[in-house]
Amino acid sequence: NGIVHHHLTDSTNTRARELARDGAPEGTLVVAESQSAGRGRKGRSWLARPGEGLLFSLVLRPDMDPSRAALITLMTAVSVAEALIRETGIDARIKWPNDILVGGRKLAGILTEMSMELDAVDYVITGLGLNVNTPTEAFSPDIRDIATSVMAESSAPFSRVALLQAILSSFETHYHTLATQGPESILTRWKELSDIVGRRVRVSMMREEIEGRVTDIDADGVLLVTTDAGEALRILSGDVTYLD
Ligand code: BTN
């Protein structure tokens with residue numbers, strides 16, 4: 001499978017999408033030292049200084065119903081958290097749907113993009129931005145309290161290649177499990193690594209904001225919340241703030 005390495009590109013997700021559109025096989029990996037237009041969820045940007053972060057996107061062609069695509073994001077989050085715990089000893093946690101936190105600060109984000117053909121998944125791009133050797137001073141003042149890096153948490157620089165290998169190997173195991181055994185074990189692992197179930201949250205969505213308690217994550221990776229008014233909601237996408 002192909003590995004494409006860029007010193008500078010606009011966004012590895014955009015590059016991977018173009019390759020996938022041109023027929024690149026599953027497993028094609030795009031890595032960059034830096035991005036001029038790194039993208040986050042909801043039109044936000046992802047900033048990383050050259051050589052400090054791990055920035056990559058993977059082309060996948062899962063044989064799954066598009067309604068279950070959220071599982072790819074959850075599976076990526078599990079793989080990243082497990083690799084971080086194993087390689088660095090950092091107490092990495094998952095925040096729904098796709099953030100990796102340590103001590104409440106964000107260490108990594110995942111951007112999953114799907115393309116469909118007729119009613120089936122054509123390809124999925126899963127992109128990871130992980131702050132590895134970013135010194136705390138490099139974070140702009142407005143995010144310094146909410147962002148962190150592997151180096152800041154373990155007070156030593158870390159090999160980005162070693163982390164990439166660990167993440168990809170964990171990913172491969174979980175992707176295989178998802179395809180052959182279904183999502184149960186990934187959901188179980190996700191719940192262990194996340195602390196969202198049972199908590200009071202505020203969820204900001206496109207048009208509304210709700211408060212309530214998280215009761216579970218369902219088999220499609222959808223967040224189940226019971227609002228303070230007693231209404232049960234299925235939430236596909238949104239920004240979560242913990243209230244307790
Ligand atoms: C988020 O937290 O909102 C997701 C951030 C995802 C950033 C990564 S960096 C590599 C890949 N290429 C992009 O343009 N975005 C993802």
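For the rest of this paragraph, the subject is the sheet that holds strand β12 (residues 239-242). Across the sheet, five strands lie side by side as β11-β10-β9-β8-β12; this open sheet has antiparallel pairing. With partners counted over all chains shown, the strands left at the sheet margins are β11 (232-235) and β12, one partner each. Direction aside, the axes of adjacent strands within the sheet are offset by 45 degrees on average. Taken together, the four bridges between strand β8 (residues 200-204) and β12 define a ladder with antiparallel strand orientation. The partner of valine 203 across the bridge, within β12, is valine 240.

Here the bond from tryptophan 96 into proline 97 is cis, since omega is -5 degrees, no more than 30 degrees from zero. You can see proline 97 is positioned in the loop between β4 (93-95) and β5 (99-102). A positive phi angle is found at lysine 42, which is not glycine, with a value near 55 degrees. Turning to its location among the elements, lysine 42 is positioned in the loop between β2 (29-35) and β3 (53-60). Positive phi, close to 50 degrees, is recorded for serine 155, a residue that is not glycine. Note on placement: serine 155 falls in the loop between α3 (150-154) and α4 (160-181).

So, about the side chain of asparagine 133. If you trace the backbone, asparagine 133 turns up in the loop between β7 (120-131) and α3. Among the polar contacts listed, one links the side chain of asparagine 133 to the backbone nitrogen of phenylalanine 158, at a separation of 2.7 Å. Beyond its immediate stretch of four places on either side in the chain, asparagine 133 contacts Glu52, Met151, Pro157, Phe158 and Arg160.

Looking now at the domain arrangement of the protein chain. A common way to report how large an interface is uses the accessible area buried once the components associate. The domain architecture assigned to the protein chain consists of domain 1 (3-193) and domain 2 (200-242). On a C-alpha basis, the centres of domain 1 and domain 2 stand 23 Å from each other. In this complex, domain 1 contributes 16 residues to the contact, which on the side of domain 2 involves 15 residues. In total, domain 1 and domain 2 occlude about 1,300 Å² of area from one another, counting both sides; carbon and sulfur atoms represent 51% of this. When residues of domain 1 are sorted by the area they lose upon contact with domain 2, Lys42, Lys95 and Trp96 head the list and together hold 47% of the total. On the surface where domain 1 and domain 2 come into contact, there are four salt bridges.

What counts as what
- Residues numbered from 1 in each chain as written.
- Predicted model: local features only at pLDDT ≥ 70, side-chain atom pairs only at ≥ 80, totals over all residues.
- Heavy atoms only, no water.
- Pairing = 2+ DSSP bridges.
- Helix = DSSP H or I, 4+ residues; strand = E, 2+ residues; numbered from the N terminus.
- Axes fitted to C-alpha atoms, helices over the stretch in contact; angles between N-to-C directions.
- Polar contact = N/O pair within 3.5 Å; in protein donor to acceptor, adjacent residues only side chain to side chain.
- Contact = heavy atoms within 4.5 Å.
- Domains from an automatic or database assignment.
- Buried area = accessible area lost by both parts, 1.4 Å probe.
- Salt bridge = Lys/Arg side-chain N within 4 Å of Asp/Glu carboxyl O.

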